[in-house]
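Each chain is listed here by its residues.
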Protein chains: 2
Amino acid sequence: MKKKIPICKHVLAGVLGAALAYMAVAQEPAMVGFSEASAQAQRNLEEQYDSHLKVQNLRDWMKQMTERPHHAGSAKAKENADFIAELFKEWGYKTEIEVFHVLFPTPRIRKLSLIEPERYDAKLLEPAAEADSVSLAIKEEGLPPFNAYSADGDVTAELVYVNQGLPSDYEELERRGIDVKGKIVLAQYGGSWRGIKPKVAAEMGAIGCIIYNDPKADGFYEGDGYPEGAFKHPAAVQRGSIMDLPVRPGDPLTPNYGATKGANRISLQEAETIMKIPCLPISYEDALPLMDALGGPVAPETWRGAMPVTYRIGPGPAIVRLKLEFNWDLVPAYNVIARMEGSIFPDEWIIRGNHHDAWVVGASDPISGMISVMEQARAIGELAKTGWRPKRTLIFTAWDAEEPALLGSTEWVEHHAEELNAKAVAYINTDGNSRGFLGIGGSHALERLASETAFAVVDPQTSVSVAERLRSSRLVNGTADQKKEAKAGGFGISALGSGSDYSAFLQHLGIASFNVGFGGEGRGGEYHSNFDTFDHYTQYKDPTFEYGIALIQVCGRLTLRLAQADIPPFQFTGTARAISEYVGEVVEMTEKKRKDTEERNGLIDGGHYARALDPKENVRPPKKEDPVPHINFAPLLNARDTLAKNADAYEKALKAVLVGEKTLSTDRQAELNKIVYRSERAFIREEGLPRRPWFRHLIYAPGYYTGYGVKTLPGIREAIEERSWNEADAFVDLTAAAISKFAKEIDRAARILNGE
Amino acid sequence: MKKKIPICKHVLAGVLGAALAYMAVAQEPAMVGFSEASAQAQRNLEEQYDSHLKVQNLRDWMKQMTERPHHAGSAKAKENADFIAELFKEWGYKTEIEVFHVLFPTPRIRKLSLIEPERYDAKLLEPAAEADSVSLAIKEEGLPPFNAYSADGDVTAELVYVNQGLPSDYEELERRGIDVKGKIVLAQYGGSWRGIKPKVAAEMGAIGCIIYNDPKADGFYEGDGYPEGAFKHPAAVQRGSIMDLPVRPGDPLTPNYGATKGANRISLQEAETIMKIPCLPISYEDALPLMDALGGPVAPETWRGAMPVTYRIGPGPAIVRLKLEFNWDLVPAYNVIARMEGSIFPDEWIIRGNHHDAWVVGASDPISGMISVMEQARAIGELAKTGWRPKRTLIFTAWDAEEPALLGSTEWVEHHAEELNAKAVAYINTDGNSRGFLGIGGSHALERLASETAFAVVDPQTSVSVAERLRSSRLVNGTADQKKEAKAGGFGISALGSGSDYSAFLQHLGIASFNVGFGGEGRGGEYHSNFDTFDHYTQYKDPTFEYGIALIQVCGRLTLRLAQADIPPFQFTGTARAISEYVGEVVEMTEKKRKDTEERNGLIDGGHYARALDPKENVRPPKKEDPVPHINFAPLLNARDTLAKNADAYEKALKAVLVGEKTLSTDRQAELNKIVYRSERAFIREEGLPRRPWFRHLIYAPGYYTGYGVKTLPGIREAIEERSWNEADAFVDLTAAAISKFAKEIDRAARILNGE
């Protein structure tokens, strides 16, 4: 599958070769970080790159790598790592497999029984689809459904249904006088990352946690189960990690440093990110008898799913016993690392990665993303065969043990932190792909690069660019405004939370990062189950692999533009805009919280809740809350304004150099490059965020109570959400200082461009 | 159950007796239409009234009247009418039973089978709850579930699921290329009055219609089925009329005149309000195999209910056969009419009514409302025993045959139209009652009366007035603003659509009306089913009948204040405010429609839908629509302003008279009274609304495509909704003229008060 990329009509004949080729006539640079001549060379390069892409490779590699289960520590995971490493070598990369030794508990005993009011022994067996070509291999080598890093335990208690198990759900329970202390909770997937559910349950005093996928969100409600349809089979289960990832990903026994063979390890008891209570995921087939056995009040309407029973909260009369034991073993994690040295800036690294380990056979997650790294590396290898070399160093990676806790990437980043801190320009991550719309999240300093790239890649199903297709979708779905979009012509990227291998790069070290993938039109309930297979993928996710090719075109451009740009393709007006938006949000949120608190307290004091509530329903008014103080946002607003000004000035200065109005010596350019690509480090606070020092980025972090979901300006935002006013004050100052530091770096860079 | 009504502290010692007792000191009248002296007398009267109310009567009468099925034409319906009539007589009312002869088809053959892809014969049997004390009587005398005024027919066709069967649902089908022509549709209850579903289906070319209650809206999703819980049993069915009521209620064979014994009758073929296709309601137990047999695309998420299957649209492979035949018989409808002559204004009538017929035994609908009329009449009879007489004539009514099509009340109103037009001051309707919050809809000229009444009756479950409890509920649910409510101190009433016996009074003749009932905390899925029994009611709806008493307190005050006020208690600032709100709405709706049309057409023209839609899903972009022209709303805005001015002037003039600043001769008062209570007639347009001349009120009407739901300024609003721009123009003028006429009457009244 190849599509020609349209070439801008006003492109002048380009001049190849020179590091900085300046043009005589001033005009808007068409490609961020490139002079017009370099841009023309780049377009030619990308056309050659595209010409090498082969859809058959994607299909063959996916088929081969998903033949058998390849979870971390499995034989097939090592085979796949070796396979990938051999290919990288074949394509001309200096390749090594770097091994870490990480804690990955696997289940030894899994038992769940309803013992009152009647006996039901949960099957806890996830079949593979008989019709699927890999069903036998799954039966023989697959891990059964479990939550990694659950505690061992044998608990018996009354059951309570807690909806999605979020803090707000427990507020609802409290209003009904229901306490989960000493109980076992039943939570449905959704609303947060799964690890939040047992974490909050444990905080609330629960002694066990069961997670099930409700068929409303993931099952027959959406369509037929696999293999008749794409969706979740009644007995299918979503596995997954429940380590306390919002506190810290990576090996629990080697915090902040690489889990090398001889590394010091803390004890299991000291490992704070291991869950405190036993927790098990089950199918809805197993959840139904539990739900059916619950009494007590009917659950609020938003808590009800699609199982054919009245959803009740309990506690009891259902009593369940949950018994779990794990093998707490270290396993080897095989990271494949392949390098192609930069010809001009060898110490400026562009890193591109995806993980190769899966929960079972993982066709979609992770192999549909992994093969995009491989085909991208192969195509660039083809370019190199002609004598071409990237200006900056390229590093392709295949991470192991992402599924348990981003282990492979985190250990690698921790182990190489110093060098990465000095040399990493950017990290580009993928983690699965399907038919649909382009999704890019990342550092906003790279937003312009993302936008230009998205306008340069043609959507396989329509005749427009993937950027335009996404914009049409946003317009039709009402998530974008027609007139604004028409004016802006732009393409916004989202902020990154967590849940994939960019986390250590971005949030621990402050390396500008992307996470990229197509999706939205692939169908399926295969996620982290036995049903995420080649057969499923090629029926329901991206049958022709044409979106695989599109992903390779997007990631190839991002990589190659980062590698080839005259000046690293960062544009700080994107950062300024995003930060301005986030600042506006936290200010507005505080005002809204103040108003809401006043109103709600007023309603409580006025007796309105007491009058409005049905006296027979036994629901209490909510609790009164302390009033919201006024917070001094001035430092943040000032920092925001300075950043906006400096970002504009940098953009003007950059343009002057790129269009040839000014020139730059080689020495000063090296200095400039460093300032530019290291700029994101300004957002790193050495001491990290409150209660989780590993997460050090003051602009982007996963939510402490959302898990994967991003919280921008996390120190401020979460303090306000949690009503920790002193902490909010402190983090307004800290965040403002970081933004000011960032703005100062931008100013330094602009001065170099201006020849000062 | 009795509670003392708090008396305002600033009430001065009152002077009883005189028709218009004027006070020396000017102050705000505490009771609309009353001088302070009269108001004090009225409070005393209401206290006496309350002291006569007996909760045991409510329980006894409900028990007795719900012993056996009492649908229109049944033996028990006649027995109940006789029973009520005897009581009215006993209490001192001049009572008669006025009989009309109305068409009420009952089922002879009901058959529904799935014949492809496999056979399923629908049970169509609604059991009665064995544990219920009336289950045997229901089995022996009850009508099976059916839709009254369905066509006879025997049709076989592919099945299509059409969600709620609303016009917007058919737009969704059209976007999927699905046509119901020649098909049988399956629609779920909800979203509109049930009769809209077969009506729209027939307009779309369907040849049959099946309606079921989805357990999500009405069944296990809410709680346990009766008798374990209050909610719908899997085999329970909602019966009900599907006559084309938005066109005209009442006997289909005697349009616009009373269905007396010798009346001319049109033929069945000429009767335009009889449904054109066969239509049958079924339980979800019977619906499940049909839904499960449907193929085709998965239904949009908002279309899916709680049955444990994937909701698909079809058409087919399910093929069903529906065979229905009815006995097209005339039945006698026994209206009970009881009068107590007014002592001062005998030709000014206050009418209070509820229907007595049910679908089965009807404890909640209608008996819980009927007994409030009876106990109210009894208590007023007690007052009369002391020699007291109402100033205006009171008429208590018990309507028959409301369920099929508001037959009893409509025929009575049509038959007595001339006299009612001259003499009726107001009609107060109830139609069922349960625990919860006060609901009042009605003519806004009586809004102040409703508000004062609601503040004067104490809620049985809290220590505040029913008005305050409702306000607290609105505040807590966010449907009212705290600061605004605190300032206003008021209590707004809603506008009336249709669905009960006020329709002919209000919308055919322009008699100011109320519909009143408590609700929101009674639980149940008993509506129009075998499960609406005394046992169910006393377990789940209003076990102590304390809300029955509250209803009698509210309706008693409304009746007695209307009867006793010095000047009829109309206050036109309420009308002015409501009309101003409605005018704002239609203007805003037009602007919004214009903007939405432009935006949507822009998205279609820009190709955004084509790009955004999944090419594999076979969903088409919506159709382009003609642009929305600018409509000349000036006449409406001018009429609104004049009304506001005149209503204010009337209020000032009335106050001056009531506080004794001015006086009024007896002659002029009689003239004034007539103008005031007939004012609502100004909104009547002789020719009626487009396509439904029976509905003649230009401010309130049921929606042509919603059924019960109100459309205010219906001629304008529905023309805009249906994009009939010429009709919208015409009805802006007609409605403005009616409002101007109303304003002129107010001005006439004010001039009389001012002694001009």
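Computed from a predicted structure; not experimentally measured.

K.L.:
Would you explain the overall build of chain A in this entry?
P.N.:
Of regular secondary structure, chain A possesses 23 helices and 18 strands. Against the 2.2 N^0.38 benchmark of 27 Å for 756 residues, chain A shows a C-alpha radius of gyration of 26 Å, consistent with a compact globule. Considered along the principal axes of its C-alpha atoms, chain A spans approximately 85 × 65 × 55 Å. Put simply, chain A has 756 residues, and 58% of those count as buried. Within chain A, residue pairs in contact and separated by at least 24 positions form 80% of the contacts whose partners lie at least 6 positions apart.

K.L.:
Just to check I follow, could you spell out the environment of valine 185 of chain B for this structure?
P.N.:
Residue and element names in this part refer to chain B. When you line up the elements, valine 185 lands in strand β6 (residues 184-188). With 24 residues separating them along the chain, valine 185 and cysteine 209 place their C-alpha atoms 4.9 Å apart. Among residues more than four places away in sequence, those in contact with valine 185 are Val160, Val162, Gly165, Val180, Ala201, Ala206 and Cys209.

K.L.:
In this structure, what is going on with the confidence of the model for chain A? I would like to understand it.
P.N.:
The predicted coordinates ought not to be read in detail in places where the model reports low pLDDT. Mean pLDDT over chain A stands at 93; residues scoring 70 or higher make up 95%. Low pLDDT, under 50, characterises residues 1-27 of chain A; the stretch is placed with 43 contacts to residues that sit more than four places away or in other chains.

K.L.:
Explain the relation of the copies chain B and chain A to me, please; I cannot follow it from the model alone.
P.N.:
The second copy of the chain is related to the first by a rotation about an axis and a shift along the axis. Laying chain B over chain A is done by rotating through 180° and shifting 0.0 Å along the axis; what remains is an RMSD of 0.1 Å. The superposition of one copy onto the other is thereby described by a two-fold rotation axis.

K.L.:
Is there a simple way to think about the interface of chain B and chain A in this case?
P.N.:
Interface extent is often summarised as the accessible area lost during association of the parts. The interface of chain B with chain A comprises 31 residues on the first partner and 31 residues on the second. Secondary-structure elements contributing two or more residues to the side of chain B that touches chain A are α13 (466-476), α18 (572-605) and α19 (608-612) of chain B. In terms of residue count, the dominant contributor to the side of chain B that touches chain A is α13 of chain B (six residues). Among the residues forming the side of chain B that touches chain A, the class breakdown is 13 nonpolar, nine polar and nine charged.

K.L.:
Help me understand helix α15 (residues 502-509) of chain B in this model?
P.N.:
At 3.6 residues per turn, the α-helix brings residues three or four places apart onto the same side. Residue and element names in this part refer to chain B. Among the eight residues in α15, eight count as buried, and that is most of the element. Buried within α15 we find Tyr502, Ser503, Ala504, Phe505, Leu506, Gln507, His508 and Leu509. In this structure, the buried side of α15 is in contact with α10 (407-415), α11 (417-423), β14 (424-430), β16 (513-520) and β17 (700-702). Glycine 510 sits one or two residues past α15 and shows a positive phi near 80°.

K.L.:
Help me understand the sheet that holds β6 of chain B in this model?
P.N.:
Across a sheet, strands are paired by hydrogen bonds formed along the backbone, either parallel or antiparallel in direction. All names here are of chain B. If you walk across this open sheet you meet the seven strands as β3-β2-β10-β5-β6-β7-β9, and the pairing is mixed. Lying at the two open borders of the sheet, with one neighbouring strand each, are β3 (120-121) and β9 (279-282). Examined bridge by bridge, strand β2 (residues 106-116) and strand β10 (residues 319-327) share nine bridges and lie antiparallel to one another. Each bridged residue has a counterpart across the sheet, and for lysine 111 the counterpart in β10 is lysine 323. Each of β6, β7 (208-212) and β9 touches helix α6 (residues 196-203); the most contacted strand, β7, lies at about 150° to it.

K.L.:
Mind showing me how you'd approach the packing of helix α8 (residues 363-385) of chain A against helix α16 (residues 534-541) of chain A here?
P.N.:
Describing two packed helices takes the angle between their axes plus the distance from one axis to the other. Residues and elements named next belong to chain A. Following both chains from N to C, one finds α8 and α16 inclined at 75°, their axes separated by 10 Å at the closest point. Of the possible angle classes, the one that applies to α8 and α16 is roughly perpendicular. Side by side, α8 and α16 meet where Ala363, Ser364 and Ser368 of the first sit next to Phe534, His536, Tyr537 and Lys541 of the second. Considering only residue class, the contact of α8 with α16 consists of three nonpolar, three polar and one charged.

Thresholds applied
Residues numbered from 1 in each chain as written. Chains lettered and ligands numbered in written order. Predicted model: local features only at pLDDT ≥ 70, side-chain atom pairs only at ≥ 80, totals over all residues. Helix = DSSP H or I, 4+ residues; strand = E, 2+ residues; numbered from the N terminus. Rg over C-alpha atoms; globule rule 2.2 N^0.38 Å. Buried ≥ 20, exposed ≤ 12 C-beta atoms within 10 Å, placed from the backbone. Contact = placed C-beta atoms within 7 Å. pLDDT = per-residue confidence, 0-100. Least-squares fit on C-alpha atoms with pLDDT ≥ 70 in both. Nonpolar A, V, L, I, M, F, W, Y, C, P; charged D, E, K, R; others polar. Pairing = 2+ DSSP bridges. Axes fitted to C-alpha atoms, helices over the stretch in contact; angles between N-to-C directions. Parallel < 35°, antiparallel > 145°, perpendicular 65-115°, else oblique.

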